[in-house]
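# Chain and residue survey
For reference, the chains in residue letters:
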Amino acid sequence: MGSHRGSKTGGRDEFCSVGDCLPSYAVRISVRARRARLVMSAAGGLEIVVPQGFDTARIPKLIHDRRDWIARAAQRVEKERRRLREEPPRLPDRIVLSALGETWEVQYRSNEACSAGAVRRAVARESAGGRLTVTGDLGDAQACKEALCRWLRRKARESLGLWLAEISGRHGFEYGRVTVRLQRSRWASCSPRKAISLNARLLFLAPEIVDHVLLHELCHTVEMNHSPRFWILLESHDPEYRAHRRLLRAAGTSVPTWLDHGPSGRQV
Ligand SMILES: [Zn+2]
C-alpha cells in the first residue's frame, strides 16, 4: 500500500500514478468473463474486460493496483507500434479473395517515371490470367501497399454492393446508402437511416460468412439493436447464424498480414 498524496479527487488522481504511458482505457462487458481482467494491445490500447453486473466504480482501484503491469505493457505496446510504423510493409505475391473465389498472382514492376514526383507512386492493374501488376517505385513499399489497398477497395465496391442488393432482394429488406471502407475495426455497420457500411476485408472471408454479415446488417434495418427480437429475426433469415458468428469471430486470421503491416494508410 502506498501513501496517498493529495486527496480525493477521484479516479483521475490514481491515473496519474500509472504514468504518462496510459492515455485512456476502454471498458468492455463480456458475458463470458468471470472476473475483471486487463488487456493491452497495439490495436486497442488498454481495455478493462469485466463480467456483466460489474461495479465500474471499482475500475480506478483495479487500475491503481495493476499500475506496474500496465506501465510495462504500455512500453511493450509502444515498442510494437514503433516497429510497425518503421518497418516497411511486406508485400504479397498472391492475394486470395475467398469471398469471390479469386486468386491473384501479384507482380511488381519498376517504373522510374512514376517515382519522379508523380501524384501516385504506384498503381495496381489487373491483367489476363488472374494477374495483378503493381507498377511504380518499388523502393517505396508503402506506396505499393497503398496501390493494393486502393485496388482491394475498388474490388469490394464492385462486388459487395451487388451482393448486398441481391441478398436483400431475396430476403425482402430495404436499405439506404452503401459505403465500402477499408478499416481495421468493424466488418460492417448500419446507421439509423439504414445506410450500410461494409469493410473491404470481407473479401477475404468465405462466401457464407459474407452472407451472414450482410444479413446481420440488413436485420438492423428492421431492429436497430441486438435485442432478443433482433436475434430471432436474424435466425429466420440465417438459421445457421450461431455457427456463422463463431466462424466470424475466428475470421480475423483470414485477413492477410500485409494489410495490417506498416502505417494504416487511412487515406487509401
Ligand atoms: Zn449488429
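Let us look at the structure shown here.

Taken together, the three strands give an open sheet; going across it, the order is β1-β3-β2, and neighbouring strands pair in mixed fashion. Every other strand in the sheet has two partners, leaving β1 (25–30) and β2 (37–41) as the edge strands with one partner each. Pairs of neighbouring strands in the sheet enclose a mean axial angle of 30 degrees, with direction left out of account. Where helix α3 (residues 67–86) meets the sheet, its contacts fall on β2 and β3 (45–51), and the angle it forms with β2 comes to roughly 20 degrees.

Taken N-terminus to C-terminus, the directions of helix α5 (residues 141–171) and helix α6 (residues 207–220) make an angle of 65 degrees; their axes are 10 Å apart at the nearest point. The element α5 and its partner α6 pack so that their crossing is right-handed. Seen from α5, the contacting residues are W163, L164, I167, S168 and H171; seen from α6, they are V210, D211, L214, L215 and L218. Residues belonging to the contact of α5 with α6 are distributed by class as follows: seven nonpolar, two polar and one charged.

Quick look at the pairing of strand β5 (residues 102–110) now. Sheet faces and side chains relate simply in a regular strand, where the side chains alternate between the two faces. Where strand β4 (residues 94–97) lies against β5, four bridges are found, and the strand directions are antiparallel. The residue bridging I95 from the neighbouring strand is W104, located in β5. Hairpin connection between β4 and β5: a loop of four residues separates the two successive antiparallel strands, and G101 in this loop has a positive phi of roughly 65 degrees. Where β5 and strand β7 (residues 131–136) come together, six bridges link them in parallel fashion. Opposite E105, over in β7, you have R131 as the bridge partner.

Quick notes on the rules
Residues numbered from 1 in each chain as written. Predicted model: local features only at pLDDT ≥ 70, side-chain atom pairs only at ≥ 80, totals over all residues. Pairing = 2+ DSSP bridges. Helix = DSSP H or I, 4+ residues; strand = E, 2+ residues; numbered from the N terminus. Axes fitted to C-alpha atoms, helices over the stretch in contact; angles between N-to-C directions. Contact = placed C-beta atoms within 7 Å. Left-handed = near helix turned anticlockwise from the far one by under 90°. Nonpolar A, V, L, I, M, F, W, Y, C, P; charged D, E, K, R; others polar.

Function cannot be inferred from these measures alone, as they are strictly geometric.
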